[in-house]
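An overview of the molecular structure
Residue strings, one per chain:
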Amino acid sequence: MTQGSGSDGGVSAGVLGVTVRRDRWGIAHVEAPTADGAFAAQGWVAADDRIWQMEWDRRRAMGRWSEVVGMAGAREDAFFRRLGLAAIAQSDYAALESRTRAMCEAYTEGVNRWLVDHADALPAEFEHHPAPPEPWEPWHCVAVYKLRHIFMGTLTRKLWRGRIMAQAGPEAVIATVGDIEADSAMVPGDGLRPDLLEDAARVLDASAAEMAALATAMDSDGASNSWALSGERTASGKPLLAGDPHRGIEFPNVYHQCHLRCDEFDAIGMGFPGVPGFPHFGHNAEVAWGITHGMCDDTDVFVERFAAGSSLGEPWRTEELHIRGEGTVEVLCGSTPRGPVVLGDPADGIALSLQWTGMFGPDTTLDALWPMLVAGSTAELIEAVRLWVLPVNNLLAADRCGAVAFKIRGRVIERPPASRWTPVPGTDEFAWDGLAPVPFEDLPQWIDPERGYLVTANNRTADGSPYISLDFAGPSRHDRICELLAPMTGATVADMSAIHADVTSLVAPKVLGLITEYAVECGHELSHTLLDMLAEWDQRVTADSAPATIYAVVKRRLIEAIAERLGIAGAELGAGGWPPAAEASRMAAGAAIRMLCERNLDVVPGLDNPISLRMAFSACVDETAAELEQRLGDDPQSWTWERVHRMASPHPLASALAAARDLHPPIDGCAGDGDTVRQGGTAPETGERAIHGSVARYAFDLDDWDNSGWVVPHGVSGVRGSGHDLDQRQAWLDCELVPMSYSPAAVASATVHEHEI
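Quick look at the structure, then. These numbers were taken from a predicted model, which means no experiment stands behind them.

Note that Gln679 resides in the loop between β20 (668-669) and β21 (680-681). The exposure class assigned to Gln679 is buried, which follows from its relative accessible area of 6%. Only 3.4 Å separates the side chain of Gln679 from the side chain of His692, close enough to count as a polar contact.

Structure representation (structure tokens):
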């Protein structure tokens, strides 16, 4: 079994003509004579560190995961076959510029060279596979990139709101979104007919198992931070750019650290295993970049009707899934004028089709990767991402001349207001035919602000046009980062790390204000002690805080009370196993928290008067006292947050196959919650367990690149037991950065292993 992150067993030395230096963290610093050599080395290094992760993503994109895990992957495979993701990726690859295809071809050469040299030394995961990985193909780079982003949009939210609409009507749907722009408010009768949504509910019921099976593929949205300071606020007089992307935490980690130097560029950053370049986070010699999720409304779901007994005709087809241990299953695949049918059976007369910005016209995202690597300023970097499609991002950039800039990048398609909320009718009125992306120049931007800093945290970016989404994150993280930056002068990378570590909640005071006002009729013997502890709490969600635990459980109880009264409680929402329990719970929690913060509880049946509020809030505090006493003992001072807020990082293969359970990494307690800058998101369905957090942290120093730092939750390697699979874990838990060596001198000093490939 290969050890990854610096393995050199079996390598044909010098085949690629590239030098790879590994630092003490196992991070590869590549020195190549040409750009092609650099990309080939990136492919080789990615395979060395993450070949199983690349294989996992590739199989899912192609609808072939069930060939490894059996029926556990069959429904997910069926979804991606019906979507036609592999064919879309192949078509998109063929339309890329020749320079981009050359990048992917070189990357592929490196991956395949590694596979040849390590055919007999694959990671432990492949002991559970029926066959070794097949050779990589250039179009796979597009496929795995698209796979990582399809569920980051609005598909799940629209299906969820469709269920709520069918059960509880428009007012409940509006309540889940909160105070939104007036021009995107729901208009009764504007396509949201009750009979339509009842049909949608029936499809969702019939497709419950399919949706449940997609749980592992769905990546949570709505939480990342980034900020940039101009030189007038820093110690060096040059900008600082920092941030941390948030996703569901898994092992291996989604991002891969790497450094590429060649005759045409010198760039370091975090990429996706299987994709060349550094799409989201990195810097070259002159400019740095980072992103947060733009929260764009990128997907529509259509309720399609099929006449009983009608012939579907072309382009419908059947595809076979080869399911390990079970034989084959046929999947009916086809499209309507709106898009591919992904849920439901047309034979039943009704099904759901889908349209997504990632398949509406050629996806030229990868064409932006080379221009980003060679950009010499923020202006050139912004121009480089004109071709960006997927996903819509809030891009921050800074350059060594002192500029800082914000730009929304990506394909934004404006549709009728009704399409923003729930599934809509499968009619020409809602089809995307004739629509065009919002021009790049019309996407919001902000360059060199007078205040001296820029901040993005998935919050609403503009109140005017173009329309981006209904589903922005709340303002708490954005506002807290602004609070920290506003008085800052003489800032350093250490100050950026302090912001990464900040655990002050701006939501807590609003919720605590309601608790103080209404929890006045408590009966449990510990309740008044708990209320006193909350009154004295500094609203910092530290690992050793007992009030943080009390607050979290009371808040969860309030969320459950609101969701139950709105008719959106329970993970199933009327359809067995759909949506995925944690995801449905997280969406309900977001809606309830908005209502608490906005004091918009009068729309909640049973919470629409002071008496019912006093009863409900008091009951939640009493229930919290009883629950925590049973879980943690009778001393509230010992109920520290780290005892209940524990970070699980599941390994996908270990979750699917019992025989691979030893691949799961350990579990640790951690600070923060879903509203703090240091992210530790939870879902009521899974209690206080951390299911969402920083999958990387970074700080770029534009004055001295060697003073920059970064960290990931586990390590650069995805090979369990390699030594670099968990060696960044403690630094991540402590909110510290590890060195990001960049200059030749710094790389040479940090090198602990060097070899030629």
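This next bit is on helix α15 (residues 508-518). Structural remark: α-helix, 3.6 residues per turn; residues separated by three or four positions point the same way. Among all positions of α15, only Ala508, Val511, Leu512, Leu514, Ile515 and Tyr518 are buried. All buried residues of α15 fall inside an arc of 155° around its axis, so they share one side.

Another aspect to go through is the sheet that holds strand β16 (residues 424-425). Read from one edge to the other, the open sheet built from 4 strands follows the order β12-β13-β9-β16, with strand pairing classed as mixed. Taken across any chain shown, the strands that pair with only one partner, and hence form the sheet edges, are β12 (341-345) and β16. When strand β9 (residues 299-305) meets strand β13 (residues 350-356), the two strands line up antiparallel, connected through 7 bridges. In the strand pairing of β13, Arg305 is matched with Ile350.

A few words now on the pattern of salt bridges. Evaluation of the coordinates by the stated rule reveals 44 salt bridges. As a salt-bridge pair, Arg22 and Asp48 come within 3.0 Å of each other at their nearest N and O atoms. With Arg22 in strand β1 (residues 19-23) and Asp48 in helix α1 (residues 35-62), this pair connects stretches of sequence that are 26 residues apart. The pair formed by Arg22 and Asp48 is uniform in burial state, with each residue classed as buried. For Arg81, the salt bridge is made with Glu319, and the minimal N-O distance between the two is 3.1 Å. Highlighted residues: Arg81 in helix α3 (residues 74-83) and Glu319 in strand β10 (residues 317-323), separated in sequence by 238 residues.

A word on the packing of helix α7 (residues 155-168) against helix α8 (residues 170-177). α8 packs onto α7 with a crossing angle of 140° between their chain directions and a minimal axis gap of 7 Å. For the pair formed by α7 and α8, the contact residues are Trp160, Arg161, Ile164, Met165 and Ala168 on the first element and Pro170, Ala172, Val173, Thr176 and Val177 on the second. Within the contact of α7 with α8, the residues separate by chemical class into 8 nonpolar, 1 polar and 1 charged.

Turning our eyes to something else, we now look at the nonpolar core. Counting residues in each nonpolar core, the largest one holds 143 residues, and the members touching the most others are Phe39, Leu83, Phe265 and Leu653. In terms of residues, this core owes the most to one element, α1, which gives 15 residues. Residues in contact with Phe39, not counting those within four places in the same chain, are Met103, Ala106, Tyr107, Leu260, Phe265, Pro276, Gly277, Trp370 and Leu373. Ranked by size, the runner-up nonpolar core spans 63 residues in total, among them Trp421, Ala548, Ala588 and Leu628.

The tally for this structure, following the rule as stated, stands at 20 aromatic pairs. Centroid distance Tyr145 to Trp388: 6.4 Å. Interplanar angle 90°. Geometry classified as edge-to-face. Within this pair, whereas Tyr145 is found in helix α6 (residues 140-147), its partner Trp388 is found in the loop between α12 (378-384) and β14 (393-399), the two being separated by 243 residues in sequence. Assessed through its relative accessible area of 1%, Tyr145 is described here as buried. Where Phe265 meets Trp370, the ring centres are 5.6 Å apart and the plane angle is 85°; that geometry is what we call edge-to-face. Here Phe265 is found in the loop between β5 (256-261) and β6 (266-271), whereas its partner Trp370 is found in helix α11 (residues 369-374), with 105 residues between them in sequence.

This next bit is on the pairing of strand β23 (residues 697-701). Buried residues dominate β23, accounting for 5 of its 5 residues. Both faces of β23 are covered, namely the face carrying Arg697, Ala699 and Asp701 and the face carrying Tyr698 and Phe700. Where strand β4 (residues 240-248) and β23 come together, 4 bridges link them in antiparallel fashion. Paired with Leu240 across the bridge in β23 is Asp701. Here 3 bridges tie β23 to strand β24 (residues 709-711), and the two strands are oriented antiparallel to one another.

Scoring rules and cut-offs
Residues numbered from 1 in each chain as written. Predicted model: local features only at pLDDT ≥ 70, side-chain atom pairs only at ≥ 80, totals over all residues. Heavy atoms only, no water. Helix = DSSP H or I, 4+ residues; strand = E, 2+ residues; numbered from the N terminus. Buried < 20%, exposed > 50% of the residue type's maximum accessible area, 1.4 Å probe, protein only. Polar contact = N/O pair within 3.5 Å; in protein donor to acceptor, adjacent residues only side chain to side chain. Arc of directions from axis to C-beta. Pairing = 2+ DSSP bridges. Salt bridge = Lys/Arg side-chain N within 4 Å of Asp/Glu carboxyl O. Axes fitted to C-alpha atoms, helices over the stretch in contact; angles between N-to-C directions. Contact = heavy atoms within 4.5 Å. Nonpolar A, V, L, I, M, F, W, Y, C, P; charged D, E, K, R; others polar. Core = buried A, V, L, I, M, F, W, Y, C linked by side-chain atoms within 4.5 Å. Phe/Tyr/Trp six-rings, centres within 6.5 Å; stacked < 30°, edge-to-face > 60°.

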